[in-house]
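# A structural walkthrough
Below are the chains, spelled out letter by letter.
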Amino acid sequence: KQEVTQIPAALSVPEGENLVLNCSFTDSAIYNLQWFRQDPGKGLTSLLLIQSSQREQTSGRLNASLDKSSGRSTLYIAASQPGDSATYLCAALFSGGYNKLIFGAGTRLAVHP
Amino acid sequence: GAVVSQHPSWVICKSGTSVKIECRSLDFQATTMFWYRQFPKQSLMLMATSNEGSKATYEQGVEKDKFLINHASLTLSTLTVTSAHPEDSSFYICSARVDLEAFFGQGTRLTVV
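The present account deals with the structure reproduced in this document. (Residues numbered from 1 in each chain as written. Chains lettered and ligands numbered in written order. Predicted model: local features only at pLDDT ≥ 70, side-chain atom pairs only at ≥ 80, totals over all residues. Heavy atoms only, no water.)

## Brief notes about the overall build of chain B
Scanning chain B for helices and strands turns up zero helices and 11 strands. Of the regular secondary structure in chain B, the N- to C-terminal order runs β-β-β-β-β-β-β-β-β-β-β. At 13 Å, chain B has a C-alpha radius of gyration in line with the 13 Å of a compact globule built from 113 residues. Taken over the C-alpha atoms alone, chain B extends approximately 40 × 30 × 25 Å along its principal axes. For chain B, the proportion of contacts with a sequence separation of at least 24, taken over those separated by at least 6, is 52%. If you sum the accessible surface of chain B, you get close to 5600 Å²; carbon and sulfur atoms cover 52% of it. (Helix = DSSP H or I, 4+ residues; strand = E, 2+ residues; numbered from the N terminus. Rg over C-alpha atoms; globule rule 2.2 N^0.38 Å. Contact = heavy atoms within 4.5 Å. Areas by Shrake-Rupley, 256 points an atom, 1.4 Å probe, with all protein chains shown as cover.)

Below, the structure written as structure tokens:
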């Protein structure tokens, strides 16, 4: 069964800390992995997309890595800010079967001043 | 990135009535769109895949007659919740892909009273 798991489920950090969010997936046959941000009651904003052939992607203070062989991805947020407070979701687009985008349960991040 | 627009953002309806939610791809054509449902503090669950010009593909456990999907054009998919009941209250969100990258609408908060 294709599953995506995220840990931790929730994280509270002081402003300025560097932090790592973890995502694991059960099947290495993926097209890509995406990281999203969701603010309460809102839709999803795509942060980073990593193709299966890539190892990492960077955008500003965000860096996402992908290790297909171990079924893991990490999202690194540098110098966290209160505005980074949100739920972060990772999703894997599995290439077998119906090409479904499967989501993890998310990590709820709170950055306090 | 590509823009997916969803309307309405929120809707309140009486039990037994039907509600239609629209999902539009604004700057690209989408032969396939995806409808998700999200319960509070939970992740997104794929409900169905909407296919332009043909029947939608529903995930196991999703009632086809309850959640009617129409994909009449390359830029519009609609989800109609028929005979809505309080247990249908949820956050519904649509998605479309460009080159296997997923983009999401703003979501619709449905409350059935």
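## What about the overall build of chain A?
The secondary structure content of chain A amounts to zero helices and 11 strands. Relative to the globule expectation of 13 Å for 113 residues, the C-alpha radius of gyration of chain A, 14 Å, shows essentially globular dimensions. For chain A, the residues scored as buried account for 42% of the 113 residues in total. Once local pairs closer than 6 in sequence are excluded, the contacts in chain A between residues at least 24 apart make up 55%. When the accessible area of chain A is evaluated, it comes to approximately 5300 Å², of which 48% is carbon and sulfur surface. (Buried < 20%, exposed > 50% of the residue type's maximum accessible area, 1.4 Å probe, protein only.)

## Looking at the interface of chain B and chain A
At the interface, 16 residues of chain B touch 19 residues of chain A. In total, chain B and chain A occlude about 1500 Å² of area from one another, counting both sides; carbon and sulfur atoms represent 55% of this. Scanning the region where chain B abuts chain A turns up one salt bridge. Residues Glu59(B) and Lys100(A) are paired through a salt bridge, measuring 2.5 Å at the closest nitrogen-oxygen approach. Viewed at the interface, chain A and chain B are joined by six residue pairs in polar contact (both at pLDDT 80 or more). At the level of secondary structure, the elements contributing two or more residues to the side of chain B that touches chain A comprise strand S4 (32-38), strand S5 (44-51), strand S9 (90-98) and strand S10 (101-104) of chain B. For the side of chain B that touches chain A, a count of residues per class yields eight nonpolar, four polar and four charged. (Buried area = accessible area lost by both parts, 1.4 Å probe. Salt bridge = Lys/Arg side-chain N within 4 Å of Asp/Glu carboxyl O. Polar contact = N/O pair within 3.5 Å; in protein donor to acceptor, adjacent residues only side chain to side chain. Nonpolar A, V, L, I, M, F, W, Y, C, P; charged D, E, K, R; others polar.)

## Some details on the sheet that holds strand S7 (residues 67-73) of chain B
All names here are of chain B. Sheet architecture is open: four strands sit in the order S1-S3-S8-S7, paired in antiparallel fashion. Two strands in the sheet have a free side with no partner beyond their single neighbour: strand S1 (4-7) and S7. Looking at each pair of strands side by side, their axes are set apart by 15° on average, direction ignored. Sheet topology places S7 next to strand S8 (residues 76-81); five bridges connect them, and they run antiparallel. By the bridge assignment, Leu68 is partnered in S8 with Thr80. (Pairing = 2+ DSSP bridges. Axes fitted to C-alpha atoms, helices over the stretch in contact; angles between N-to-C directions.)

## A look at the nonpolar core
Counting residues in hydrophobic clusters, the biggest one holds 26 residues, and the most contacted among them are Val4(B), Trp35(B), Phe67(B), Ile69(B), Leu79(B), Tyr92(B) and Leu110(B). For this core, the elements supplying multiple residues, two or more each, are strand S2 (10-13), strand S3 (19-25), S4, S5, S7, S8, S9 and strand S11 (108-112) of chain B. When residues no more than four places from it in sequence are discounted, the contact partners of Leu110(B) are Val11(B), Cys13(B), Val19(B), Val81(B), Asp88(B), Ser89(B), Ser90(B) and Tyr92(B). Listed in part, the 23 residues of the second largest apolar core include Leu33(A), Ile77(A), Ala86(A) and Cys90(A). (Core = buried A, V, L, I, M, F, W, Y, C linked by side-chain atoms within 4.5 Å.)

## Concerning the sheet that holds strand S7 (residues 62-67) of chain A
Residue and element names in this part refer to chain A. The antiparallel open sheet is built from five strands, whose spatial order is S1-S3-S8-S7-S6. Every interior strand has two partners, whereas the edge strands, strand S1 (4-7) and strand S6 (56-59), have only one. On average, each strand axis in the sheet is tilted by 15° relative to the strand beside it, whichever way the strands run. Bridging between S6 and S7 involves four bridges; their strand directions are antiparallel. From the neighbouring strand, Gln57 faces S7, where its bridge partner is Ala64.

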